Structures are given as C-alpha cells and as structure tokens.
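Residues per chain are reported as follows:
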Amino acid sequence: MGQSFYVYNNGDLRRKDNTLQFTNAEGEKKDIPIERIDDIYVMAEMTFNSTFLSYLSQYGITMHFFNYYNYYTGSFYPKEKLLAGQLLVKQVEHYADHGRRMVLARKFIEAAADNIYRNLRYYNGRGKDVSGYMSEVNDLRKKIPGTESVEELMGIEGNIRKQYYAAWNVIIDQEIHFEKRVMHPPDNMINSLISFVNSMIYAKTLSEIYHTQLNPTISYLHEPGARRFSLCLDVSEVFKPLIGDRLIFSLLNRKQITEDSFTKELNFLHLKKEASALISRELEERLKKTIMHKELGRQVSYQYLIRLEAYKLIKHLIGEKEYEGFKIWW
C-alpha cells in the first residue's frame, strides 16, 4: 500500500510528465511520485485541470476535499475498475429485503457497541472510573439483537453513544465539559474535533472500498441517499472507536490538542492549520500500526483492517460466510 498526500497550503496540482507536481502560492514546486500515492487530502484552496483528474483516475487515486472549517465537502471518486454486476445485484437485494438488511445493520452496531465498551473497559482498568457508563452501555447493547427496524436500532445506538460521550469527561485529562454530540455545526472544541476525525475516517473508508468491488452508495444501517457514499458511514461505525476515538483521547491527554488549537472567535469551529496537520500525521501513524490478525495469522495494519471489512461484507453478500463486524480483542 502507498501513502496519503496532504495539501495544507494554497496552490496548484497538475500532472508533470509521469508524476504529479504541487506548486504553492510562492511558486515553490514539489514533485510527488504518483506510484507511491493512495489518496490525496486537500485542506486548502487548490486549482487543477481535467488532465490532472484523468491521470488520478488512471492510477485509481481518490481525492478528498475539506473546507476552511475542516468539514469534509466531497471526494473525487475515479471510475471504478473492479466492476461486478452480480455483486451489485446482491447489494441491492440485501438492501431491498428488510430481513437481510436488518441482519447487516445489527452487525454494524453490535461491532461498534462492542468496540465502545472495550474503550471504556480499557480506561476503567487504568484508573478512570467509568464503570457506571460501562454498565449502561452493556445493558443497552443487549437490546440490539431484538430490534426490528433501523429506526429502533439507531435509537439504541444513540443512547449507547450518549453514555459513552458522557464518560469522556472522566477519560480526558482536560476540562472539556462535554455533554452531547452536536454536528451541524459542532458547538465546542470536542465536537469539532470528533467531526474532523470522523470525516477523515469516512474518507479513508471510501478509499479502501474503492479498491474492492463494492458499490459505496448502497448501505444498510444508514439510508442510501444522494450526494453521499453511505456504505462508508456503515463501515466507519465499526472503526471510529478503535481509530478515531482512541486518537482523540491520546491527542487530548497528551495535550497535543487544546483550546489553543482552535480559533476561539469562531466558537471553536475552526481548527488551526498546524493542529489539523498534526492530527492528520498522528492519524497516519495510527493507521500504520499493526496487529496479529487472528484468522490470517499475520500482521495487519489498522488501515488494511478497513479493506478486510469490505471483503468480509462481500463474502456475506454472495453467501460465502456470514458477516461479523470487527471487534477489538485486546
């Protein structure tokens, strides 16, 4: 696997011979070997042309865009090279059949809830008394198998996260006064941080799904809709506790991110460029971490776990093996 390329300065991206070239506002040029790039994250004002986009498409490179407030705004998703009509039919069938859709929707939330519980257990064992929240989450997740609609399932998931986020005031070694998750727009530094990190995981998931035969617009937990790759939202639920939340805890507890990392005059909606660049670097390092995979019997990176999740989903759809969401075991 290659690496991600982040652009934090205004400038121009274009094809130069058989590589890419970035030119910043001061005219400084930097060549980027295209064969080493998996995806590109644009965090600044950027110009490029159709030749550049065609070149990215040729190499299957996704490009993700974030605005001034670090909100994810969209992706360049190259023409799919791994087309599979039969799998597309299976994806649609599993969405259209309520029973089969619910099986998958429950699996996503079961895995997410299990990973949330593991995070709480981890910190409870390290001097942070979150046992009460653990008990509440444990009681709630027992209700997941009995859910009969996506709306009921999402209601339980919302209550689990309410308990989980309340525990953050204990886990995090800063005065954060975090009461509830607010997204549109975030209303404090923690919500802004969560939104940014979650959108990065969403984009990473889209990049990984691109390298499979899955169609990212057909989903089971989240309702498919216009202008979004909703399957990425489904799969991201599984990995946000492992990758995103643990990254946030580390950044805050090591004081790498504080109130000074945000523009206070904008009600903490805007991460300063240095802070968002730091978060991106730390995320990349976390994605490179490896674990010994129990089934494969070899070391696998956190990032590759996301692609493996897509492969597991494919096996479920074609009837080869029932899908079980990834659950932290350490």
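Above this text you will find the structure in question.
First, a word on scope: everything that follows refers to the structure included in this document. Because the structure is predicted, anything quoted here is derived from the model rather than measured.

1. Structural notes on the pairing of strand E3 (residues 19-24)
Moving on, step 1. Taken across its six residues, E3 has six buried, putting it largely inside the fold.
Moving on, step 2. With burial as the criterion, each face of E3 is covered, one bearing Thr 19, Gln 21 and Thr 23 and the other bearing Leu 20, Phe 22 and Asn 24.
Moving on, step 3. With six bridges joining them, strand E2 (residues 11-16) and E3 adopt antiparallel strand pairing. Across the sheet, Leu 13 pairs through a bridge with Phe 22, a residue of E3.
Moving on, step 4. Of the pairings in the sheet, the one linking E3 to strand E4 (residues 29-32) comprises four bridges and is antiparallel in character. By the bridge assignment for E4, Gln 21 is matched with Asp 31.

2. Focus: helix H2 (residues 85-96)
Moving on, step 1. Here H2 contains twelve residues, and its C-alpha end-to-end distance of 17 Å stays within 8% of the 16 Å for a straight helix at 1.5 Å per residue.
Moving on, step 2. Buried within H2 we find Leu 87, Gln 91 and His 94. Here the buried residues of H2 occupy an arc of 70° about the axis, which is enough to place them on one side. In this structure, H2 carries Gly 85, Gln 86 and Ala 96 as exposed residues pointing more than 90 degrees from its buried face.

3. Focus: helix H3 (residues 98-124)
Moving on, step 1. Taking 1.5 Å per residue, 27 residues should reach 39 Å; H3 reaches 38 Å between its end C-alpha atoms and fits that length.
Moving on, step 2. Here H3 starts with a cap whose side-chain oxygen sits 3.0 Å from the backbone nitrogen of Gly 99, and that cap is Asp 97.

4. Quick notes on the packing of aromatic side chains
Moving on, step 1. On inspection of all chains with the given rule, the structure shows 22 aromatic pairs.
Moving on, step 2. Note on Tyr 72 and Tyr 202: the rings are 5.1 Å apart at their centroids and 70° apart in plane angle, and the pair reads as edge-to-face. Separated by 130 residues along the polypeptide, Tyr 72 in strand E8 (residues 72-76) and Tyr 202 in helix H6 (residues 189-210) bring together distant segments of the chain.
Moving on, step 3. Assessed through its relative accessible area of 23%, Tyr 72 is described here as partly exposed.
Moving on, step 4. What makes Tyr 202 buried here is its relative accessible area of 8%.
Moving on, step 5. Consider the rings of Tyr 164 and Trp 168, whose centres lie 5.7 Å apart with planes at 90°: the pair is edge-to-face. Here Tyr 164 pairs with Trp 168, and both are found in helix H5 (residues 150-171), just four residues apart, close to one helical turn.
Moving on, step 6. For Tyr 164, a relative accessible area of 0% translates into the label buried.
Moving on, step 7. Ring pairs connect the aromatic residues Tyr 6, Tyr 8, Tyr 41, Phe 66, Tyr 72, Phe 196 and Tyr 202, which therefore count as one cluster.
Moving on, step 8. Sitting above the plane of the Tyr 55 ring, Arg 15 keeps its charged end 3.9 Å from the centroid.
Moving on, step 9. For the cation-ring pair, Arg 246 lies above Tyr 122, with the distance from its terminal atom to the ring centre recorded as 5.4 Å.

About the thresholds
Throughout, residues of each chain are indexed from 1 in the direction in which the sequence is written. Restriction of local features to residues with pLDDT of at least 70 applies here, the model being predicted, together with a cutoff of 80 or more for giving and counting side-chain atom pairs; totals for whole chains, interfaces and linings are based on all residues. As a rule here, side-chain values come from all non-hydrogen atoms in the structure, and water together with hydrogens is ignored. Throughout this description, buried means an accessible area under 20% of the type-specific maximum (1.4 Å probe, protein chains only), exposed means over 50%, and partly exposed covers the range between. By definition, any uninterrupted DSSP run of H or I lasting at least four residues is a helix, any uninterrupted run of E lasting at least two residues is a strand, and each is numbered from the N terminus. If DSSP finds at least two bridges between two strands, the strands pair. By definition here, a helix of n residues has an expected span of 1.5 Å times n minus one. The arc in question is traced by the directions running from the helix axis to the C-beta atoms. Polar contacts, as counted here, are pairs of nitrogen or oxygen atoms within 3.5 Å of one another; within protein the pair requires one atom able to donate a hydrogen and one able to accept it, and residues that are adjacent in sequence qualify only if both atoms are side-chain atoms. Only the six-membered ring of Trp is used, alongside the rings of Phe and Tyr, when aromatic pairs are assigned; centres must lie within 6.5 Å, and planes under 30 degrees apart are stacked while those over 60 apart are edge-to-face, with the rest tilted. In our convention, an over-ring charge means Lys NZ or Arg CZ found within 6 Å of a ring centre and within 35 degrees of that ring's normal.

It is worth stressing that arrangement in space is one thing and function is another; only the former is reported here.
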